[in-house]
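Analysis of the macromolecular model
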Amino acid sequence: MTHKLTGDQLLTTDPLARVEGEGAMTVRVRGGSVTDVELRIFEPPRFFEAFLRGRAYTEPPDITARICGICPVAYQMSSCLAIEQVCGVRVDGPLRDLRRLLYCGEWIESHALHIYLLHAPDFLGFDGVVDMAPHAPEAVERGLRLKRVGNEVMTLVGGRSIHPVNVRVGGFYRVPTRAELRTLREPLLHAREDALETVRWVSGFDFPDFEQHQEYLALRSPDSYAIEGGSFVSSSGIAFESADFDLHVREEHVARSNALHARLHGVGSYVVGPMARYTINHDALSPLALEAAAAAGLGATCRNPFRSIIVRAVELVYACDEALRIVAGWEPPSQPAVEVTPRAGVGTGATEAPRGVIWHRYRLAGDGTIRDARIVPPTSQNQASIEEDMRSFVQDRLDLPTDELTRQCEQAIRNYDPCISCATHFLHLHVERA
Amino acid sequence: MTGSAGATDVALVVGVGNPDRGDDGVGRAVAALVRGRALPGVEVAEVRADPTVLLDLWEDRHPVVLVDAVCSGASAGTLVELDLRRHRLPRTAIASTHGFGVAEVVELGRALGRLPAALVFVGVEVGDVGLGAPISAQVLAGMTEAANRVAALMRLATIRSSPARCSLRG
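Residues numbered from 1 in each chain as written. Chains lettered and ligands numbered in written order. Predicted model: local features only at pLDDT ≥ 70, side-chain atom pairs only at ≥ 80, totals over all residues.

The subject of this paragraph is the overall build of chain A. For chain A, the count of helices and strands is 15 helices and 15 strands. Within chain A, the fraction of its 434 residues that count as buried is 56%. (Helix = DSSP H or I, 4+ residues; strand = E, 2+ residues; numbered from the N terminus. Buried ≥ 20, exposed ≤ 12 C-beta atoms within 10 Å, placed from the backbone.)

This is how it looks when you write it as structure tokens:
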């Protein structure tokens, strides 16, 4: 039933669909003002950090990949970097290229899933992609083609598309031959055309007039659009290395959520993910991706979270471009991995998961046994900002009928492609108008 | 593309599930049993996550039997069979990748005209889906019956030549 709410009210979405995991959003409205917004995550804690204690230094890529079926590569890559840092090993050259190629596959698969199957239906007024498909079959087929190519890259490089098995500390168990990687060229060329069409398609959507000015945090790399490593840089110029993440980011437990809220020292809430990456690193995009961004009306930054769908599409173009570049120049190394000998110490690793930076820290004993582990996924970093978005978004739309307001709130939450399974360490929405 | 029956069709059995979640792994376990029987002209595939791959897996395959865990409140191990060309699976988003599960993929396939000409769902009622739990004794008992039923469906000439005759049971 549609009805307008006045006075003191409560709006809820319970549960929120098309997001990963279980959670709920509650917005309290008193006297015509939004007084409180709570993103509650009640997916139970998954205790991966505790599982890792006592395990061998070689195991985090396989164990942490199981945290998420959408971005397992992100967990594998950050864990490898952290362990390698402890052991004084740096993986460069073709092995780093291959890691970047595997990561491009994950970006293509994840961004295509989110744009086409989860987020686009919001903009076109459908309850979901199943309802959208009869009205936009060509678009849905395009999304499925893109997703398939992402899966192909992950399968060829990672051994399989979900929870890849070919990643190890120091590199890979097996590296593909030139002929094997060349089989990806044609699919990637088609995918790049589909990605360009994706940018054109989503840039024609209607976007609410809504801007946020939160701090952006992303990795930056001197020689490329940061994906598989880099140093932290924020939109206000705060810069630090992965090893100092703990000094700059504080995680807080909030009683309503099983996920921790992250705060940037001296700033407070912040945003990671495509909009942060684009704002901080757009100069490092490929010419084709930059051209697509400009044609879509993106400038040097993007401050409207609803336009994040355009940024994801631009990143799709970039991921295809990068994958093609790596495939074209691939010369297999003589060894599939660098030897990594364990030693005592602490190491950290940070990489750019499709939905934002993910940070790992491990402390090893001399024999390589993991003494403790910490994992900070993107959704827990974005939680506080999602709440702030909702506070100002709802305030300007209090005259909307409750069901329409609830629908728009769900769309706003999906701007962040939240992955709550990862953060619990998912979503039901309540808007209380009391 | 809508599948159509033909003399050279290859049949497909797809087991769906997560073996790390106890009885949820039953679909794949049943598929493995069917694979062990080496039925002529029958391919067997397993899907752990991301059911959208089903749309590609079943392209040009006929007939297709999809085996998955179900939760209806019946006794663990109970079989349910559904002709998905004529009936819909209930859409239950929770516990699927970004809320996109097998039922959604079947309906997406229907909307895009990409369902096989014959698509039958065989479901096994779950009991324990705890993290790391083994498949429960009741579901293990139901697995053999499920594999027998899948094999029988594959042998039925009627299912290959006349999808409309796929039976609805349970």
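Here the focus is unusual backbone geometry. All names here are of chain B. Across the junction of H62 and P63, the peptide omega takes the value -10°, indicating a cis bond. Positionally, P63 belongs in strand β3 (residues 61–70). Phi angles above zero are rare outside glycine, and A38 is one such case at about 45°. Its location among the elements puts A38 in the loop between α1 (26–36) and β2 (42–47). Of note in this structure, D60 is not a glycine but carries a positive phi near 65°. Inspection of the secondary structure assignment puts D60 in the loop between α2 (54–57) and β3. Using a count of 13 C-beta atoms within 10 Å as the deciding quantity, one classes D60 as partly exposed.

The next subject is the nonpolar core. Counting residues in hydrophobic clusters, the biggest one holds 159 residues, and the most contacted among them are I108 and V314 of chain A together with V30, V67 and V150 of chain B. Among the elements that take part in this core, helix α4 (residues 93–124) of chain A stands out by supplying 14 residues, more than any other. Sequence-distant contacts of V30 of chain B, defined by excluding residues within four places in its chain, comprise G15, V67, V124, M143, A146, A147 and V150 of chain B. (Core = buried A, V, L, I, M, F, W, Y, C linked by C-beta atoms within 7 Å. Contact = placed C-beta atoms within 7 Å.)

Residue and element names in this part refer to chain A. The contact between helix α10 (residues 274–281) and helix α12 (residues 308–329) brings their axes to 9 Å, and the two run at 65°. Considered as vectors, α10 and α12 are oriented roughly perpendicular to each other. Judged by the twist between their axes, the crossing of α10 over α12 is left-handed. Every residue of α12 that contacts α10 at P274, M275 and Y278 is listed here: S308, V311, R312, V314 and E315. Looking at the contact of α10 with α12 residue by residue, the classes come out as five nonpolar, one polar and two charged. (Axes fitted to C-alpha atoms, helices over the stretch in contact; angles between N-to-C directions. Parallel < 35°, antiparallel > 145°, perpendicular 65-115°, else oblique. Left-handed = near helix turned anticlockwise from the far one by under 90°. Nonpolar A, V, L, I, M, F, W, Y, C, P; charged D, E, K, R; others polar.)

Residues and elements named next belong to chain A. Averaged over every residue, the pLDDT of chain A is 88; residues scoring 70 or more account for 88%. Taken as a whole, residues 16–20 scores under 50 in pLDDT and shows 30 contacts with residues more than four places along the chain or in a different chain. For residues 421–429, every residue scores under 50 in pLDDT, and the model assigns this stretch 58 contacts once sequence neighbours within four places are set aside. (pLDDT = per-residue confidence, 0-100.)

Let's shift gears to the environment of G123 of chain B. Residue and element names in this part refer to chain B. Assignment of secondary structure puts G123 in strand β5 (residues 119–125). Separated by 20 residues in the primary sequence, G123 and M143 have C-alpha atoms spaced 10.0 Å apart. Among all residues touching G123, those that are not within four sequence positions of it are D68, A69, V70, L79 and V80.

Remember that side chains alternate between the two faces of the sheet whenever the strand is regular. Residues and elements named next belong to chain A. For strand β6 (residues 215–220) and strand β11 (residues 270–271), the ladder comprises two bridges, and the chain directions are parallel. Residue pairing in the sheet places E215 in a bridge with Y270 of β11. Summarising the sheet, β6 and strand β7 (residues 231–234) pair through four bridges and their orientation is antiparallel. Looking across to β7, one finds that L217 is bridged to S234. (Pairing = 2+ DSSP bridges.)

This part is about the sheet that holds strand β8 (residues 239–240) of chain A. All names here are of chain A. What the four strands build is an open sheet, ordered β8-β7-β6-β11; its pairing is mixed. Each edge of the open sheet is held by one strand with a lone partner, namely β8 and β11. Pairing analysis gives two bridges linking β7 to β8, with the strands arranged antiparallel. Within the sheet, the bridge partner assigned to F232 lies in β8 and is F240. Sheet strands in contact with α10 are β6, β7 and β11, and its direction is about 70° off that of β6.

Another point: the pairing of strand β13 (residues 356–364) of chain A. All names here are of chain A. Among the nine residues of β13, eight are classified as buried, and the element is accordingly described as predominantly covered. Here strand β12 (residues 345–353) folds back onto β13, and the loop between the two strands holds two residues. Where β13 lies against strand β14 (residues 370–376), six bridges are found, and the strand directions are antiparallel. Its bridge partner being in β14, R363 is matched across the sheet by D372. Where β13 folds back on β14, the antiparallel hairpin that results is connected by five residues, among which G368 adopts a positive phi of roughly 90°.

All names here are of chain A. Spatial strand order, β12-β13-β14: three strands in an open sheet with antiparallel pairing. Only two strands of the sheet have a single neighbouring strand rather than two, namely β12 and β14. Direction aside, neighbouring strands of the sheet carry axes that sit 15° apart on average. Across nine bridges, the pairing between β12 and β13 is antiparallel. Across the sheet, the residue bridging to A353 is G356, located in β13. Relative to β12, helix α3 (residues 72–86) is tilted by about 150°, and along the sheet it contacts β12 and β13. Strands β12, β13 and β14 of the sheet are contacted by helix α13 (residues 378–395), whose axis makes an angle of about 125° with β13.

Quick look at α3 of chain A now. All names here are of chain A. In a regular helix each residue adds 1.5 Å, so 15 residues correspond to 21 Å; α3 covers 22 Å between its end C-alpha atoms and thus fits that length. Of all 15 residues making up α3, 15 are buried, and the element is well covered by its neighbours. Positioned one or two residues after α3, G88 has a phi angle of 70°, which is positive. (Expected span 1.5 Å × (residues − 1).)

Now for the packing of α3 of chain A against α4 of chain A. All names here are of chain A. The interhelical angle for the contact between α3 and α4, taken along N-to-C directions, is 150°, at an axis separation of 9 Å. By the angle between their directions, the pair α3 and α4 is classed as roughly antiparallel. Pair α3 / α4 crosses with left-handed handedness. Facing V73, A74 and M77 of α3, the residues of α4 in contact are R99, L102, Y103 and E106. The residue makeup of the contact of α3 with α4, split by class, is five nonpolar, no polar and two charged.

For the rest of this paragraph, the subject is the environment of F123 of chain A. All names here are of chain A. Tracing the sequence through the fold places F123 in helix α4. Given 17 C-beta atoms within a 10 Å radius, F123 is considered partly exposed. As for F123 and Y318, which are separated by 195 residues in sequence, their C-alpha atoms are 23 Å apart. Those residues within four positions of F123 in sequence are excluded, and the remaining contacts are F205 and D206.

The next point concerns the confidence of the model for chain B. All names here are of chain B. Per-chain confidence: chain B averages 81 in pLDDT, with 82% of residues scoring 70 or above. No element of chain B has a lower mean pLDDT than helix α5 (residues 157–161), which averages 48, and none a higher one than α1, which averages 94. The model gives residues 1–7 a pLDDT under 50, and that stretch makes 17 contacts with residues more than four places away or in other chains. Contacts from residues 161–170, a stretch scored under 50 in pLDDT, to residues over four places away or in other chains number 21 contacts.

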